[in-house]
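An overview of the molecular structure
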Amino acid sequence: FIVAGFIYYFMHFSALKSMSKQLTNSKEIAFNGFYRYVITLLKNNHILYSALQASLEYVDEVLIDDVNRLILEMENDTTMEPFLNFATIFDDETIKQMIILLYKTQDVGIIDDVLDSINTCIMNLQDTSIKNYIYKEEKKIEAEAQAEVWMKSWVSATQGMFKNK
């Protein structure tokens, strides 16, 4: 029974860890669409703060609370700190750099050629995020199937031990 409890605990912990990774990946996928929208608004002469506010209507629900928190923090803090806080929800270093680039656009403005190259980068990043998500889901299914087979054979072996006594 202790072994079964340990296995249950391990599987539960693994499931929580997997759910956390899945949420992070979902946010990264949602970020790409959000970022493209903000870049489009910046190209149309919006300032960053108003572009972020206007983007709220189109932000995926998995990311909306985080974007709202960024906007709220920007109202009270004009340093890079709100952007660094926002970046912590992502694992991908490229996304973190893109968030810092957003902050920098406030100071220097942005050029259309730079925006176009950022859009290309976002598209590539989104493709990679989606491929990573699919790969992780495939691995998760394989691991669950393997765990089920192992559990059935363990239960069968355990039952065999008790029948022999």
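Refer to the structure above for everything that follows.
For the structure given in this document, a descriptive report is provided here. Because the structure is a prediction, the values reported are computed rather than measured.

**Let's talk about the overall build of the protein chain**
Assigned secondary structure in the protein chain consists of 6 helices and 0 strands. The order of α-helices and β-strands along the protein chain, N terminus first, is α-α-α-α-α-α. Burial status across the protein chain gives 27% buried among its 165 residues. Summarising the internal contacts of the protein chain: among those between residues at least 6 apart in sequence, 64% fall at separations of at least 24. Carbon and sulfur atoms provide 59% of the accessible area of the protein chain, an area that totals close to 10900 Å².

**Comments concerning the pattern of salt bridges**
According to the stated counting rule, one finds 4 salt bridges in the structure shown. In this structure, the salt-bridge partner of R69 is D66, at a minimum N-O distance of 2.9 Å. Of this pair, R69 and D66 both sit in helix α3 (residues 61-76), 3 residues apart, which is roughly one turn of that helix. Given the relative accessible area of 43%, R69 is considered partly exposed. Taking the shortest distance from any N to any O, the salt bridge between E93 and K96 comes out at 3.6 Å. Here E93 and its partner K96 are both found in helix α5 (residues 93-108), 3 residues apart, which amounts to about one turn of the helix. Look at K96 and you get partly exposed, because its relative accessible area is 22%. Through salt bridges with shared partners, one network takes in K27, D66 and R69.

**Re helix α2 (residues 48-55)**
Those residues of α2 that sit buried are L48, A51, L52 and S55. The buried residues of α2 all sit within an arc of 100° when viewed along its axis, so they share a single face.

Basis of the calculations
Counting restarts for each chain: residues are numbered from 1 in the order of the written sequence. At least 70 in pLDDT is required for a residue's local features to be given in this predicted model, at least 80 for side-chain atom pairs to be given and counted, and no such filter applies to totals for whole chains, interfaces and linings, which use all residues. The side-chain values count all of the structure's non-hydrogen atoms but skip hydrogen atoms and water molecules. Under the scheme used here, helices are H or I runs from DSSP no shorter than 4 residues and strands are E runs no shorter than 2 residues, and both carry numbers assigned from the N terminus. Burial classification: accessible surface area is computed with a 1.4 Å probe over protein chains only, and a residue below 20% of its type maximum counts as buried, one above 50% as exposed, and the rest as partly exposed. Note on contacts: a residue pair qualifies if any of its non-hydrogen atoms lie within 4.5 Å across the two residues. The method behind every accessible area is Shrake-Rupley, applied with a 1.4 Å probe, and residues are considered shielded solely by the protein chains displayed. Should a side-chain nitrogen of Lys or Arg be within 4 Å of a carboxyl oxygen of Asp or Glu, the pair is scored as a salt bridge. Of all possible arcs, the one meant is that of the directions from the helix axis to the C-beta atoms.

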